[in-house]
Amino acid sequence: MSAPSNNKVVKWVDDRLPIFTMMKHSAIDYPTPKNLNYWWNFGSLAGLMLVIMILTGLFLAMNYVPHTSMAFDSVERIMRDVNYGWLLRYLHANGASMFFILVYIHIFRGLYYGSYKAPREVLWWLGLVIYLLMMATGFLGYVLPWGQMSFWGATVITNLFSAFPLVGEHIVTWLWGGFSVDNPTLNRFFPLHFVLPFVILGVVVVHVWALHSVKSNNPLGIDMKTPQDSIPFHPYYTIKDLFGIGLFLMFYLAFVFWAPNFFGEPDNYIPANPMVTPPHIVPEWYYLPFYAILRSVPDKLGGVLLMFGAILILFVLPWLDTSKVRSCKFRPIYKWFTILFLVNAFVLGYIGAQPAEGTMLLVGQICTVWYFLHLLVLTPVIGWLEKPKPLPESISSPVVKKSGEAV
Amino acid sequence: MRSMRKLFTAIAAAATLAVATPALANSGATKLEHKEWSWQGMFGQYDKAQLRRGFQVYKEICATCHSMNLVRYRNLMDIGLSEDDVKALAAANEVQDGFDDTGAPKMRAGLPADKLHAPFPNEKAARAANGGALPPDLSLMNKARKSGPDYVYTLLTSYEDPMPEDFHLMDGMNYNPAFPGHQIAMPQMIFDEGVTFADGAPNKKENITADVVAFLNWTAEPELDTRKGMGLKVMIFLAVMTALFYALKRQIWSRIDH
Ligand code: HEM
């Protein structure tokens, strides 16, 4: 291992704890495919978002009071009396939505370019674990301001567990710490919401570790073979990531400064009131596709199982996909089905925000069937039947050819 | 889940009702009046004179029923009231502060740090004085309704809309097509020349309403002016930074064949 610097202090430390060597190895020299497109920016953006969430959350937590009689007012105190408290809170609340936008794009990138396939299955799993933890964290956080949607969302979602036979009611009582969503519930949700992001951070470290041992996939979906196929992470991808961060921050902060309640529900500016049910209880937008799946089943337990199943099934996707080719670029049929799967998810999301009745219910049911049909039947079958387009010799060969033509 | 079932049954029932009673279905929700508010848009800011007029409307009319618990007297200096005015306003009411040596509640004159004096000591008193209905706290009203400012404006100006003949108005209620269910416990409160403004601003009921809605928006989002001002500076900074990153990216990537 080459010493990362000639600086004596750096050398001294590095000889005892090779932290500089490690950083050089994984953030500077790390060989990266030279052909990554901008869809590969979203992982680092999600990492940035996690850091922003933890920092803003930490300062919010210094002023937040987890008690049913004070939570709502403490958030308003943050908004009005804490210096730049409104900025902290709007960064955090909009940050949650941004985080999910980034991660959804990141996941779909993986689906389209076949990044879940060998040898990246464990990397994919770790991503799904992060996603599940994010869902839990977002749900817990949304309860904290103790507005009407906080309270009623918490009631509806925790009640889902009562669907399980025999133990269901006990689980719900245990989650609530009583017989309804009340102060004990808020008291446990706050520390859980505080700690889960650090669990996420831990899983992110392992996620990146797995990434660095199997290396990045790329739009062509073929392995790096020769040194010409790769470039060092720094400066090529550090600068590309920085450019992406600049663009993303402009998008994110436009909401924070000009439409800070765009993703929010007006009802959450009404203090929680167990005696008044809002006319239309909707979860945060990022849960809507799964909410639609839940409600498309007339049976309560069936709905809950199907909803959890919709995410868990993604864990076996690497084996459901029977194609040898990773990237949809070379899969003329599956490519369109993957895009259709995305459209289907959007429709499910739309349905999730509507009352479950009539046509809406029916469309939701069709989309739910399609979701599972795509993953369980179409994905393996198309993998067998489809004739993929010929793969390029190497990452650098089509690239080289193209630039050769241009000259 | 049980409450969800209940909810869906309720929605289904409401839908059936809407189909079954054409009178209800036809009247629908009134279209919101979309006004141009000074604080809208990228560069929009509050009009401080309007906010002060709105405060006057709140104080003279709404404050007889509605509390404003999230606003403190000292906050009013942000809309241009002088420190002396604020002190005088606060001191006009007594507040309880602790207990004296005999254990009796101790009263003192209000201070700028106190919240705006609430008309009723508690919810029961508020309901008793309003025929059982609760006048909600107005601090966050503009953020707590969809299209808040337009909704509140439309609500306050829809009392004189003609009531359908077959409409069943309950005792003590007022017809108002902007309110869900079309009847509201709050009577019409704003009339032409109901308030006289010191700055001589027009005081038709539309003007008075617009002014109080502006004030309510300030109470809901007092940080708006600061927020948008900071937003512009941050965006300009980010735009320059991102452009530089892009130039640098082009330059660095030109070193390799890609
Ligand atoms: C994975 C990262 C995180 C996500 C997805 C997340 C999500 C959320 C959401 C959706 C809310 C409700 C926003 C609102 O409408 O007010 C919230 C509130 C809150 N979060 Fe987080 N959060 C994260 C990290 C953290 C961390 C690390 C902390 C503390 C160290 C924290 C502390 C708080 C506090 C105190 C609130 C209540 C204040 C408020 O409502 O603005 N969060 N969070």
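Residues numbered from 1 in each chain as written. Chains lettered and ligands numbered in written order. Predicted model: local features only at pLDDT ≥ 70, side-chain atom pairs only at ≥ 80, totals over all residues. Heavy atoms only, no water.

**Digging into the packing of aromatic side chains**
Given two aromatic rings, their pairing is described by the distance between the two centres and the angle made by the two planes.
Residues and elements named next belong to chain A.
1) Next: Scanning all chains against the criterion turns up 45 aromatic pairs over all chains.
2) Next: When the centroid spacing of 6.5 Å and the interplanar angle of 50 degrees are considered together, the rings of Tyr131 and Phe290 count as tilted. Taken together, the residues Tyr131 in helix 6 (residues 121-143) and Phe290 in helix 11 (residues 288-296) connect sequence positions 159 residues apart. The two residues Tyr131 and Phe290 agree in class, both being buried.
3) Next: Clustering of aromatic rings is evident, with ring pairs tying together Phe100, Tyr104, Tyr131, Phe251, Phe255, Phe262, Phe263, Trp285, Tyr286, Tyr287 and Phe290.
4) Next: The positively charged end of Arg109 is found above the aromatic ring belonging to Trp40, 4.8 Å away from the centroid.
5) Next: When the ring centre of Tyr38 is taken as origin, the NZ or CZ atom of Lys240, which lies over that ring, is 4.5 Å away. (Phe/Tyr/Trp six-rings, centres within 6.5 Å; stacked < 30°, edge-to-face > 60°. Helix = DSSP H or I, 4+ residues; strand = E, 2+ residues; numbered from the N terminus. Buried < 20%, exposed > 50% of the residue type's maximum accessible area, 1.4 Å probe, protein only. Lys NZ or Arg CZ within 6 Å of the ring centre and 35° of its normal.)

**A word on the coordination of the iron atom of the ligand**
All names here are of chain A.
1) Next: Ligation of the iron atom of the ligand by protein atoms is provided by His92 (NE2) and His193 (NE2), these donors lying 1.9 to 2.0 Å from the ion.
2) Next: Here the iron atom of the ligand binds six donor atoms, and the angle range of 85 to 179 degrees at the metal identifies the geometry as octahedral. Note that His92 is positioned in helix 5 (residues 85-112) and His193 in helix 9 (residues 183-214), a separation of 101 residues in sequence.
3) Next: Under the relative-accessibility criterion, His92 is labelled buried at 16%.
4) Next: Overall, the relative accessible area of 15% leaves His193 in the buried class. (Donors = N, O, S within 2.8 Å, 3.2 Å for Na, K, Ca; no water. Tetrahedral: all angles 85-135°; square planar, octahedral: opposite > 155°, others 65-115°.)

**Quick notes on the domain arrangement of chain B**
Note: interface size is frequently given as the accessible area lost on complex formation between the parts.
1) Next: Along its sequence, chain B is carved into domain 1 (2-71 + 122-222), domain 2 (80-114) and domain 3 (228-258).
2) Next: Taking only C-alpha atoms, the centre of domain 2 of chain B and the centre of domain 3 of chain B are 54 Å apart. (Domains from an automatic or database assignment.)

**Side note on the packing of helix 5 of chain A against helix 14 (residues 334-352) of chain A**
Residue and element names in this part refer to chain A.
1) Next: Two elements in contact, helix 5 and helix 14, have axes separated by 10 Å at closest approach and are oriented at 160 degrees. Of the possible angle classes, the one that applies to helix 5 and helix 14 is roughly antiparallel. Helix-helix and strand crossings are classified by hand; for helix 5 and helix 14 the assignment is right-handed. Across the interface between the two elements, Phe108, Leu111 and Tyr112 from helix 5 touch Lys335, Thr338, Ile339, Phe341 and Leu342 from helix 14.
2) Next: Within the contact of helix 5 with helix 14, the residues separate by chemical class into six nonpolar, one polar and one charged. (Axes fitted to C-alpha atoms, helices over the stretch in contact; angles between N-to-C directions. Parallel < 35°, antiparallel > 145°, perpendicular 65-115°, else oblique. Left-handed = near helix turned anticlockwise from the far one by under 90°. Contact = heavy atoms within 4.5 Å. Nonpolar A, V, L, I, M, F, W, Y, C, P; charged D, E, K, R; others polar.)

**So, the pattern of salt bridges**
1) Next: Inspection of the entire model under this criterion finds 17 salt bridges over all chains.
2) Next: The shortest N-O distance in the salt bridge between A:Asp321 and A:Arg331 comes to 3.3 Å. A residue pair is termed long-range when its members are at least 10 positions apart, and A:Asp321 in the loop between helix 13 (317-320) and helix 14 and A:Arg331 in the loop between helix 13 and helix 14 qualify at ten residues. Exposure class is identical for A:Asp321 and A:Arg331. Each is buried.
3) Next: With a closest N to O distance of 2.9 Å, B:Asp114 and B:Arg108 form a salt bridge.
4) Next: Accessibility expressed as a relative area gives 14% for B:Asp114, which makes it buried.
5) Next: B:Arg108 gets classed as partly exposed once you look at its relative accessible area, which sits at 25%. (Salt bridge = Lys/Arg side-chain N within 4 Å of Asp/Glu carboxyl O.)

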